[in-house]
Amino acid sequence: MEHAPKAIDVTNDVEMRTFNFFTMGIDGHPLGLHLDMAIPTILNNADEEQQKDWLPKAANREFIATYAQTEMGHGTNLKKLETTATYDPKTQEFVLNSPTITSTKWWPGNLGKSSNYAVVMAQLYTQGKCHGAHPFFVQLRDLNTHKPLKGITVGDIGPKFGMNTVDNGFLQFDHVRTPRRSMFMKHAKVLPDGRYVPPVHDKLNYSAMVFIRAAIVSGMAYHLLVTSTIAVRYSAIRRQGEITPGAGEVKVLDYQTQQHRIFPQLARGLAFRLSGQYIMKLYTQTMDDIRNGDISAVPDLHALSCGLKAVTTHHAALGLEQCRMACGGHGYSQASGFPLHYSVAVGACTYEGENMVMLLQTARHLMKIAKAIRAGQSPKSNKIVDYLFHKGPPKCLIDQAYDTNYRNVLESFEHLARRQTLEVYDKLVQLQQQGRNYEQAWNDCAVELCKATRAHVRTFLARTFVEEIDKISDLSIKSVLQDLLQLYLYYEVTECATGLLEDGFMTGQQHKYAKKKIYEALEKIRPNAVSIVDSFDFQDRELHSVLGRRDGNVYENLLKWAQSSPLNKTDVLPFHHKYLGKMMEEARQRSKI
Ligand SMILES: CCCCCCCCCC/C=C\C/C=C/C(=O)SCCNC(=O)CCNC(=O)[C@H](O)C(C)(C)COP(=O)(O)OP(=O)(O)OC[C@H]1O[C@@H](n2cnc3c(N)ncnc32)[C@H](O)[C@@H]1OP(=O)(O)O
Ligand SMILES: Cc1cc2nc3c(=O)[nH]c(=O)nc-3n(C[C@H](O)[C@H](O)[C@H](O)COP(=O)(O)OP(=O)(O)OC[C@H]3O[C@@H](n4cnc5c(N)ncnc54)[C@H](O)[C@@H]3O)c2cc1C
C-alpha cells in the first residue's frame, strides 16, 4: 500500500491508545478488539517467546485478532463457560470444541467477518482434570483466502441496538486442533507431558478485561464531554420563548432548567476524565509490578476498576440522555449525533462486565475491609480505602463558613460510604447468625452492597476531582474549573441526600444549602459555558453532529443534511404510484360512486 500505516504503538502508552480507541471509530472499527483486548492479552499473558512471535505481527497488523470469551449461554459467569480445550499429549496439541449450542462464542467484536485470529477463553482440561478458563491464541481464518479453517463455523450475529459498524460475531469449534504453545503461557502452563503449572494468581488471565474496564472510565468522560459540547453549543444558538415578556426570545441556555440538565454532565465528564487517568496509571503500574513478580495491587485494581466502570457508564448513559432531551426535536434526529453516541456509550453498561456484577465485585473488597474494621485492625496505607477506617465528624459540616478544599463535603461522602459499608456488613453477619449461609445472606444484601460500592466510588471520584483541581497553577483556568467542581460536589450531595439525611447526619437546612450552591454554580458557569466546551477542541467530525458544529450554522446545515437523504433524491418516490397513489386514486373513485 502506498501509505501503509506504521506499526501500532503497543508499548504501555495505554492512555493515548485508549483515547484513540474511543475516538478513532466512535461506533467501532475492525481493529477495535485487536488494539485493546488482543494486544493487551499478548502483552500481559504471553511468555517471552510467544511475545517475540506474536507482538510484532500484531503491531504490524499482519493479522486481526479479537477477544472471544462470551458465549451464547454465559457472559458473566466465567466459571461456567462451556468451550473446552483438551490437551492431547500424544500430539502435544489442544483440541478446542463447542460441545453445546450455548457454548457458541457470541458477541466478540470484529469476530463475524474481520478477524482471522482470536484470543479464545476455554475451560482447560489436561490429564483428565479441568483447570478453569484459560486464554488461547487461535487462528480462525486462512490468512490468504480469509475462509474459516477446518472445524470452524463463524459469522456475524446480526443487527444490534447500536454499533452496527462492528461485526460482533459467533464462533463454533468442532474438535479443532491447535498447538500446545497456542495457550498463553506467561502465568499458567501445560508442559509437553500434560502436567499443569498453575499461575501465581488465578485471575491474571483476566487482565485484558481489567484494561478495558479502566479504559471505559475515560471513554465515558469522552462521551459526556462530547455530548455536553453538542448540547451547550446548540442551546447557545437555539432561541425559544421569552423570559421577560416583550424582550425577545432567549437562548434556551439561559433557562435555569437547561443549565441544570446539561452542566452537571459537563462536570461529571471532567470528574471521570481525572479518575480515568488515575485508574489507567494504576493499571499500567500494576501490570509492571506483575511483570516483576509483585501481585499485591491486583485486588485493589480489580475493585476500583469494577466500581468506576459501573458508576461512570451508568451516569454517562443517564447524562447523554439528558443532553439529548435538552435539545428538543432536533436532538432526536440522527443529525444530532446523540443516537450514535448514546448507543455506543450505553453498551458499556453491559460489556466488559455487566454493571450489577461489577458493583458486587467491588463490594466483595469492601466487605473484607469492613471485617478488618470490625476486628479493630488498623488501616493499610491505601488512600483509596483508608478513610473507611477513620471516624469522621458526627455531623455534616458542609454549610460551615470555610470549607477549605471542600473537606466538609468530602467527609460527607466518606461518612455515607463508611456507614453504608459497615451497616451492610453487619447485616451480612446478622443474617448468617440467623442461619442463612454466606451466599444466601450475600444475595439478600445485594442491593445494599451495590449502594455501598456506589458511595465508595462517589467518594473516590470527588476526592480525585478536588485533588487534581488543587494542583492547577493557572488561576484563570483554575477559577473556571472550580465552578464546575462546586457544581459537581453539591450536585452529588443532592444525588445522595437520602443516605445523608437517613441517619440525621445532614439536616434539611444543609440540603437546602447544597441546592443553593448548585444554583450559584450554574450562574457562574453560564457565561463561560461555550468557551469551556470549545476548549475541548473536538473536531466536527468527532461530534458527528449538525447541532454541535463549531461554526454554529445549525439551520442551514440541518436542511442540507436532510436534503442529502437518499429519500430526497427524487421528488416522487418510485413506489408512490404503485401503492399510495393507487390507494388514493381508488379511494377517490369509490367516493364518486
Ligand atoms: C466505552 C465507550 C466508547 C466506546 C467506543 C468503542 C466501542 C467498542 C467497545 C468495545 C470494547 C470492548 C468489547 C467488550 C468486550 C467484552 O465484553 S469481553 C468479555 C467481558 N466479560 C466480563 O467482564 C465477564 C464478567 N465476569 C467476570 O469477570 C468474572 O466472572 C467475575 C469477576 C464476575 C467473577 O469471577 P470468578 O472467576 O467467578 O470469581 P469470583 O468467585 O467471583 O471471584 C474470585 C476472586 O477473584 C477475584 N477476581 C475476579 N476477577 C478478577 C480480576 N479481573 N482481577 C483480579 N481479581 C479478580 C475476585 O475479587 C475474588 O477475589 P476474593 O478475594 O475471593 O473476593
Ligand atoms: C456491544 C457489546 C460488545 C461486546 N463485545 C464482546 C467482546 O468483544 N468479547 C466478548 O467476549 N464479549 C463481548 N460482549 C459480551 C459481554 O461481555 C456480555 O454481554 C456481558 O459480559 C454480560 O454477559 P451476558 O450478556 O451473558 O449477560 P448475563 O451474564 O446472562 O447476565 C444477564 C443479566 O443477569 C443479571 N446477572 C447476571 N449475573 C449476575 C450476578 N452474579 N449477580 C447479579 N445479577 C446478575 C444482570 O442483570 C445481567 O444484566 C459484548 C457485549 C456487548 C453488548
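All of these numbers come straight from a predicted model, not from anything done at the bench.

Got a minute to help me understand the site of ligand 1 in this structure?
Looking at ligand 1, there are 30 residues lining it, with Thr76, Lys79, Lys203, Arg213 and Arg364 nearest. Here an oxygen atom of ligand 1 sits 2.7 Å away from a polar atom, N or O, in the main chain of Thr76. In isolation ligand 1 has 1300 Å² of accessible area, and contact with the protein removes 85% of it. Counting only elements with at least two residues in the shell around ligand 1, the list comes to helix H1 (14-24), helix H4 (207-237), helix H6 (298-325) and helix H8 (355-374). The biggest single contributor to the shell around ligand 1 is H4, with six residues. Each of domain 1 (4-199) and domain 2 (209-377 + 446-471 + 480-530) contributes no fewer than three residues to the shell around ligand 1.

Please explain the UniProt feature "domain: Acyl-CoA oxidase C-terminal" (unreviewed entry) in the protein chain as it appears in this structure.
The feature "domain: Acyl-CoA oxidase C-terminal" (unreviewed entry), as annotated in UniProt, sits at residues 407-584 in this numbering. A distance of 72 Å separates the end C-alpha atoms of residues 407-584, which is 74% helix and 0% strand.

Please clarify how the packing of aromatic side chains should be interpreted in this entry.
A ring pair, where both rings are aromatic, is described by two values, the distance of the centres and the angle of the planes. Going through the model one piece at a time under the given rule, you end up with 19 aromatic pairs. Each ring, one from Phe211 and one from Tyr283, has its centre 5.3 Å from the other, and the planes form 55°; the classification is tilted. Of this pair, Phe211 sits in helix H4 while Tyr283 sits in helix H5 (residues 256-291), placing them 72 residues apart in sequence. One exposure class covers both Phe211 and Tyr283, and it is buried.

Honestly, the UniProt feature "domain: Acyl-CoA oxidase C-alpha1" (unreviewed entry) in the protein chain in this entry has me stumped. Any pointers?
Residues given the UniProt feature "domain: Acyl-CoA oxidase C-alpha1" (unreviewed entry) here are residues 206-367. Structurally, residues 206-367 comprises 72% helix and 0% strand, and the distance from its first C-alpha atom to its last is 22 Å.

Quick question: what am I supposed to make of the sheet that holds strand S7 (residues 152-156) here?
Strands in a sheet are paired, the pairing made by backbone hydrogen bonds, and the direction either parallel or antiparallel. An order of S4-S8-S7 is seen for the three strands of this open sheet, with the pairing classed as antiparallel. With one partner strand each, in any of the chains shown, strand S4 (105-106) and S7 form the two edges of the open sheet. For S7 and strand S8 (residues 169-173), the ladder comprises five bridges, and the chain directions are antiparallel. Across the sheet, the residue bridging to Ile152 is Phe173, located in S8.

Quick question: what am I supposed to make of the environment of Ile469 here?
Within the secondary structure, Ile469 is located in helix H11 (residues 446-470). Once residues lying within four places of it in the same chain are set aside, the contact partners of Ile469 are Lys478, Leu481, Gln482 and Leu485.

Help me understand the pattern of salt bridges, please; the structure alone is not making it clear to me.
Charged atoms that come close allow side chains of opposite charge to pair. Enumeration over the complete set of coordinates arrives at 35 salt bridges. Note that Glu414 and Arg463 form a salt bridge whose closest N and O atoms lie 3.7 Å from each other. You can see Glu414 sitting in helix H9 (residues 407-433) and its partner Arg463 sitting in helix H11, a full 49 residues away along the chain. A single burial state applies to Glu414 and to Arg463, both of which are buried.

Quick question: what am I supposed to make of a nonpolar patch on the surface here?
Where nonpolar side chains cluster on the molecular surface, the patch consists of Phe575, Tyr579, Leu580, Met583 and Met584 and spans about 480 Å² of accessible area. The topology assignment puts Met583 in helix H18 (residues 577-592). Judged by its relative accessible area of 46%, Met583 falls in the partly exposed class.

Help me out: how do you make sense of the pairing of strand S2 (residues 84-88) in this one?
Each regular strand displays side chains that alternate between the two surfaces of the sheet. Most of S2 sits inside the fold, with four of its five residues counted as buried. Linking S2 back to strand S3 (residues 93-97) in an antiparallel pair, the connection comprises four residues, with Gln92 at a positive phi of about 50°. Relative to strand S5 (residues 117-126), S2 is paired through three bridges, and the arrangement is parallel. Across the sheet, Thr84 pairs through a bridge with Gln123, a residue of S5.

Just to check I follow, could you spell out the site of ligand 2 for this structure?
Surveying the vicinity of ligand 2 reveals 17 residues, the closest of which are Tyr67, Thr70, Gly75, Thr76 and Gly109. Note that a nitrogen atom of ligand 2 is positioned 2.9 Å from one of the backbone N or O atoms of Tyr67. When ligand 2 sits alone it has 970 Å² of accessible area, and the protein chains cover 63% of it. Counted by class, the shell around ligand 2 contains seven nonpolar, eight polar and two charged residues. Both of domain 1 (4-199) and domain 2 (209-377 + 446-471 + 480-530) provide at least three residues apiece to the shell around ligand 2.

Could you clarify how one ought to interpret the domain arrangement of the protein chain in this entry?
Quite often, the size of an interface is put as the accessible area lost when its parts meet. Each domain of the protein chain was delimited in the assignment, giving domain 1 (4-199) and domain 2 (209-377 + 446-471 + 480-530). For domain 1 versus domain 2, the separation of C-alpha centres amounts to 33 Å. Here domain 1 and domain 2 share an interface that buries about 2100 Å² over both sides, 71% of which is from carbon and sulfur atoms. Across the contact surface, domain 1 and domain 2 share zero salt bridges. Here domain 1 and domain 2 share two residue pairs in polar contact (both at pLDDT 80 or more) between them.

What is the right way to look at the environment of Ala65 in this model?
Topologically, Ala65 is positioned in strand S1 (residues 65-68). Ala65 gets classed as buried once you look at its relative accessible area, which sits at 0%. Each C-alpha atom of the pair Ala65 and Gly109 lies 9.7 Å from the other, and the pair is 44 residues apart in sequence.

Explain helix H14 (residues 508-525) to me, please; I cannot follow it from the model alone.
One full turn of an α-helix is made of 3.6 residues, so residues set three or four places apart face in the same direction. Its 18 residues place the ends of H14 26 Å apart at the C-alpha level, agreeing with the 26 Å of an ideal helix rising 1.5 Å per residue. Every buried residue of H14 is listed here: Gln510, His511, Tyr513, Ala514, Lys517, Ile518, Ala521, Leu522 and Ile525. Residues of H14 that are buried make contact with H5, helix H12 (475-495), helix H13 (497-502) and helix H15 (529-534).

Each value, and the rule that gives it
- Residues numbered from 1 in each chain as written.
- Chains lettered and ligands numbered in written order.
- Predicted model: local features only at pLDDT ≥ 70, side-chain atom pairs only at ≥ 80, totals over all residues.
- Heavy atoms only, no water.
- Near = heavy atom within 4 Å.
- Polar contact = N/O pair within 3.5 Å; in protein donor to acceptor, adjacent residues only side chain to side chain.
- Areas by Shrake-Rupley, 256 points an atom, 1.4 Å probe, with all protein chains shown as cover.
- Helix = DSSP H or I, 4+ residues; strand = E, 2+ residues; numbered from the N terminus.
- Domains from an automatic or database assignment.
- UniProt positions renumbered as here; feature names shortened; annotations may be inferred.
- Phe/Tyr/Trp six-rings, centres within 6.5 Å; stacked < 30°, edge-to-face > 60°.
- Buried < 20%, exposed > 50% of the residue type's maximum accessible area, 1.4 Å probe, protein only.
- Pairing = 2+ DSSP bridges.
- Contact = heavy atoms within 4.5 Å.
- Salt bridge = Lys/Arg side-chain N within 4 Å of Asp/Glu carboxyl O.
- Patch = residues over 30% accessible without salt bridge, like charges linked within 9 Å, V, L, I, M, F, W, Y side chains within 5 Å.
- Nonpolar A, V, L, I, M, F, W, Y, C, P; charged D, E, K, R; others polar.
- Buried area = accessible area lost by both parts, 1.4 Å probe.
- Expected span 1.5 Å × (residues − 1).

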